[in-house]
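Notes for the structure review
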Amino acid sequence: MSEPLYPPSANSAARMVLVMCVNAGVDRTYEVENFTCGGFHRPTACHVVAGGKGLNVARALAALELDTVVTGFFGGFSGDFIFCDLDRPHLYPEFIQIRADSRTTLAIRDSRSGLVTRLDEWGPPVSEAEVALLHERWEELLPFAHLAVVSGNPPRRLARTFVAGWWPARG
C-alpha cells in the first residue's frame, strides 16, 4: 500500500475533515433538445465529473477551504478519471485502487422540457482484501481528522454497516 499523501503540514491537520465516499463514480450528463427514446440525438453539451455522495460532500468542504481527505474505492479508467478530477485545492484523494472499474452514471437532460433520464450502474464488487486495505487506510487517516463523514451507498455485496466497527471506542 502506498504512503498516504496527507497530512501536508502539521498546521492543517488540526482542521482536516475525512470523508469516505464508498461508491465513487463518473457522472456524465448530456444536454439534448427534444429527447425521445429510440431517437437519434446529438448532445448540445456534455458535463463529466467525479461523482458520488461522498465526493459531493468533499468538494463542498474543500470549496469552504477546509482541508478534506477523501477515501474509498476506485478502479479502472473511471477510477483514473475520478483521481484526476479531484486535483483541486484543499482536496486530498486517498483512495484504495480496486480491480474492478468504478461505476458510471449517465444522465440525459432534455433542455426543452427539463426532464432528466438517468442510467445508474451498480457499484463495482470489492474483495475482502480491498475492504481490509480501506479499513487500514481509514485507521491511518482518522487520527488526523477533526471530523469524519461516511457518505453514499456501499458497493455491491457489502452490507450498509460494513464500516460500523471502524471508530475507536470512546473513553
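See the structure above.
Let me begin by describing the structure that accompanies this report. (Residues numbered from 1 in each chain as written. Predicted model: local features only at pLDDT ≥ 70, side-chain atom pairs only at ≥ 80, totals over all residues. Heavy atoms only, no water.)

**A word on the packing of aromatic side chains**
Tallying each qualifying case throughout the model produces 3 aromatic pairs. Ring centres 6.1 Å apart and planes at 20 degrees place the aromatic pair Phe 74 and Phe 83 in the stacked group. Judged by relative accessible area, Phe 74 falls into the buried class, the value being 8%. With a relative accessible area of 37%, Phe 83 lands in the partly exposed category. With centroids separated by 5.6 Å and ring planes inclined at 80 degrees, the aromatic side chains of Phe 162 and Trp 166 adopt a geometry described as edge-to-face. An identical accessibility class is assigned to Phe 162 and Trp 166; each is buried. (Phe/Tyr/Trp six-rings, centres within 6.5 Å; stacked < 30°, edge-to-face > 60°. Buried < 20%, exposed > 50% of the residue type's maximum accessible area, 1.4 Å probe, protein only.)

**Topic: the pattern of salt bridges**
Following the criterion strictly, the structure yields 6 salt bridges and no others. In this structure, Arg 137 engages Glu 140 in a salt bridge whose closest nitrogen and oxygen atoms are separated by 3.3 Å. Placement of both Arg 137 and Glu 140 in helix α3 (residues 128-141) is noted, with a separation of 3 residues, approximately one turn of the helix. What you see here is one network of salt bridges that share partners, running through Glu 94, Arg 137 and Glu 140. (Salt bridge = Lys/Arg side-chain N within 4 Å of Asp/Glu carboxyl O. Helix = DSSP H or I, 4+ residues; strand = E, 2+ residues; numbered from the N terminus.)

**As for the environment of Leu 141**
Mapped onto the fold, Leu 141 is located in helix α3. Looking at Leu 141, the relative accessible area reads 0%, which means it is buried. Taking C-alpha positions, Leu 141 is 33 Å from Thr 29, a pair spaced 112 residues apart along the chain.

**Section: the sheet that holds strand β3 (residues 45-51)**
Across the sheet, which stays open at both edges, the 4 strands sit in the order β3-β2-β7-β8 with mixed pairing between neighbours. Every interior strand has two partners, whereas the edge strands, β3 and β8 (116-120), have only one. Averaged over all adjacent pairs, the angle separating strand axes in this sheet is 15 degrees, with direction ignored. Inspection of the sheet shows strand β2 (residues 25-32) paired to β3 by 7 bridges, in the antiparallel sense. When the bridges of β3 are listed, Thr 29 appears paired with His 47. Across the face of the sheet, helix α2 (residues 76-85) comes into contact with β2, β3 and β7 (103-110) while running at roughly 85 degrees to β3. (Pairing = 2+ DSSP bridges. Axes fitted to C-alpha atoms, helices over the stretch in contact; angles between N-to-C directions. Contact = heavy atoms within 4.5 Å.)

**Thoughts on α3**
For α3, built from 14 residues, the straight-helix expectation of 20 Å at 1.5 Å per residue is met to within 8% by its first-to-last C-alpha distance of 20 Å. For α3, the set of buried residues is Glu 130, Val 131, Leu 134, Arg 137, Trp 138 and Leu 141. Buried residues of α3, seen end-on, are gathered within an arc of 120 degrees and therefore sit on one face of the element. Those residues of α3 that are exposed and angled more than 90 degrees off the buried face are Glu 128 and Ala 129. (Expected span 1.5 Å × (residues − 1). Arc of directions from axis to C-beta.)

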